[in-house]
Amino acid sequence: TRGREEMKSKIGIACLTAVLFLSGCDAVLTETPITLEMETGLGKELVGKWKSEDSILEVTFSGGKNAEVSWMDQDEKKRADLRGLRKEDWIYFSFLPKDDEDLLFWFFCACKLKTKDELVLFLPRSDEFQKLVTEGKIKGVVEKGKYSATVKVDEGPALLQLIAENPDKYLKEAEDPITRVP
């Protein structure tokens with residue numbers, strides 16, 4: 001179980017690092033999470049600490065929908081609610097930072113286990129979702145900034161269904177693998 005705990009932390013670290021902390025990063029957000037609860041088996045598998053580059057994330061799980069990822073941002077501990085499920089070889093996540101009242105949308109990411117102690121993070125291809133929203137194929141809005149775009153999709157489960165049908169089209173590898181901390 002210790003290894004599973006570490007895997008959870010790694011996923012959170014990679015997701016949060018890639019989605020929240022990279023400047024100029026495009027994002028795909030949802031008003032609702034992709035699932036209302038963390039899948040029990042998956043939650044237990046991911047509990048622990050994970051390392052991504054120079055960040056450490058910790059995933060905790062107490063059953064039901066109560067999964068959380070935490071990390072240090074400078075000298076301050078940050079936390080996010082975490083929801084996820086597995087479909088075939090893919091693990092899909094929604095997470096909502098708890099410490100920022102202005103963030104009302106759920107971030108989305110996916111990963112694949114390379115080994116039991118290593119996983120690869122994937123992020124949505126923002127350009128694909130911009131097209132889908134613009135063409136009216138999925139409900140949402142596109143907000144373009146000077147260097148980035150944010151796609152806000154109305155429903156997390158609808159986003160997941162679309163991605164799960166063709167993950168290679170809608171997801172891109174984000175960074176080096178995330179490893180479990182012993």
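Worth saying up front: this structure is predicted, and the values here are computed from it rather than measured.

A few points about the overall build of the chain
Then, in step 1: Looking only at helices and strands, the chain has five helices and twelve strands in total.
Then, in step 2: A total of 182 residues make up the chain; the buried ones form 48% of that total.
Then, in step 3: Intrachain contacts of the chain at a sequence separation of at least 6 include 65% that bridge at least 24 residues.
Then, in step 4: For the chain, the computed accessible surface area is about 9400 Å², with 44% contributed by carbon and sulfur atoms.

Regarding helix α4 (residues 156-165)
Then, in step 1: By the burial criterion, the buried members of α4 are Gly156, Leu159, Leu160 and Ile163. An end-on view of α4 places all buried positions within 100° of arc, on one side of the element. Facing away from the buried side of α4 by over 90 degrees, the exposed positions are Gln161 and Glu165.

A closer look at the side chain of Ser126
Then, in step 1: As for its placement among the helices and strands, Ser126 is situated in helix α3 (residues 126-134).
Then, in step 2: Aside from chain neighbours lying at most four places away, what touches Ser126 is Asp26, Ala27, Val28, Ala149 and Val151.

A look at a negative patch on the surface
Then, in step 1: There is a patch of like negative charges on the surface, built from Glu53, Asp54, Glu173 and Asp176.
Then, in step 2: On the secondary structure map, Asp54 appears in the loop between β2 (48-52) and β3 (55-61).
Then, in step 3: Since its relative accessible area comes to 70%, Asp54 is described here as exposed.

With respect to the packing of aromatic side chains
Then, in step 1: The final tally for this structure, using the stated rule, is five aromatic pairs.
Then, in step 2: Judged by centre distance (4.8 Å) and plane angle (70°), the ring pair of Trp90 and Phe122 falls under edge-to-face. Residue Trp90 is located in strand β6 (residues 90-97), and its partner Phe122 is located in strand β8 (residues 118-124); the two are separated by 32 residues in the primary sequence. For the pair Trp90 and Phe122, a shared accessibility class is recorded, and that class is buried.
Then, in step 3: An aromatic cluster is present here, built from Trp90, Tyr92, Phe108 and Phe122 joined pairwise through their rings.

Remarks on the pattern of salt bridges
Then, in step 1: Inspection of every chain in the model, using the stated rule, returns nine salt bridges.
Then, in step 2: Notably, a salt bridge pairs Glu68 with Lys98, separated by 2.5 Å at the nearest N-O pair. Linking Glu68 in strand β4 (residues 67-73) with Lys98 in the loop between β6 and β7 (106-115), this pair joins segments that are 30 residues apart in sequence.
Then, in step 3: Among the ionic pairs, Lys131 bridges to Glu128, the shortest N-O distance being 3.7 Å. Here Lys131 pairs with Glu128, and both are found in helix α3, just three residues apart, close to one helical turn.
Then, in step 4: Among the ionic contacts, a cluster of salt bridges with common partners joins Glu68, Arg79, Asp81 and Lys98.

Thoughts on the environment of Glu39
Then, in step 1: One can find Glu39 in the loop between β1 (27-30) and α2 (40-46).
Then, in step 2: Residue classification places Glu39 among the partly exposed positions, given a relative accessible area of 33%.
Then, in step 3: Setting aside residues up to four positions removed in sequence, Glu39 forms contacts with Gly84, Leu85 and Arg86.

Examining α3
Then, in step 1: Within α3, the full set of buried residues consists of Ser126, Glu128, Phe129, Gln130, Leu132 and Val133.
Then, in step 2: Just downstream of α3 lies Gly136, where phi reads positive at about 75°.

Details of the nonpolar core
Then, in step 1: Within the largest apolar cluster, 26 residues are counted, with the highest numbers of intra-cluster contacts made by Met38, Val69, Leu82, Phe93, Phe95 and Cys109.
Then, in step 2: Contributions of two or more residues to this core are made by β1, α2, β3, β4, β5 (76-87), β6, β7 and β8.
Then, in step 3: Judged by nonpolar contacts, the second largest core, of 20 residues, contains Val28, Ala110, Leu159 and Tyr170.

Conventions we followed
- Residues numbered from 1 in each chain as written.
- Predicted model: local features only at pLDDT ≥ 70, side-chain atom pairs only at ≥ 80, totals over all residues.
- Heavy atoms only, no water.
- Helix = DSSP H or I, 4+ residues; strand = E, 2+ residues; numbered from the N terminus.
- Buried < 20%, exposed > 50% of the residue type's maximum accessible area, 1.4 Å probe, protein only.
- Contact = heavy atoms within 4.5 Å.
- Areas by Shrake-Rupley, 256 points an atom, 1.4 Å probe, with all protein chains shown as cover.
- Arc of directions from axis to C-beta.
- Patch = residues over 30% accessible without salt bridge, like charges linked within 9 Å, V, L, I, M, F, W, Y side chains within 5 Å.
- Salt bridge = Lys/Arg side-chain N within 4 Å of Asp/Glu carboxyl O.
- Lys, Arg positive; Asp, Glu negative; His and termini not counted.
- Charge placed at Lys NZ, Arg CZ, Asp CG, Glu CD.
- Phe/Tyr/Trp six-rings, centres within 6.5 Å; stacked < 30°, edge-to-face > 60°.
- Core = buried A, V, L, I, M, F, W, Y, C linked by side-chain atoms within 4.5 Å.

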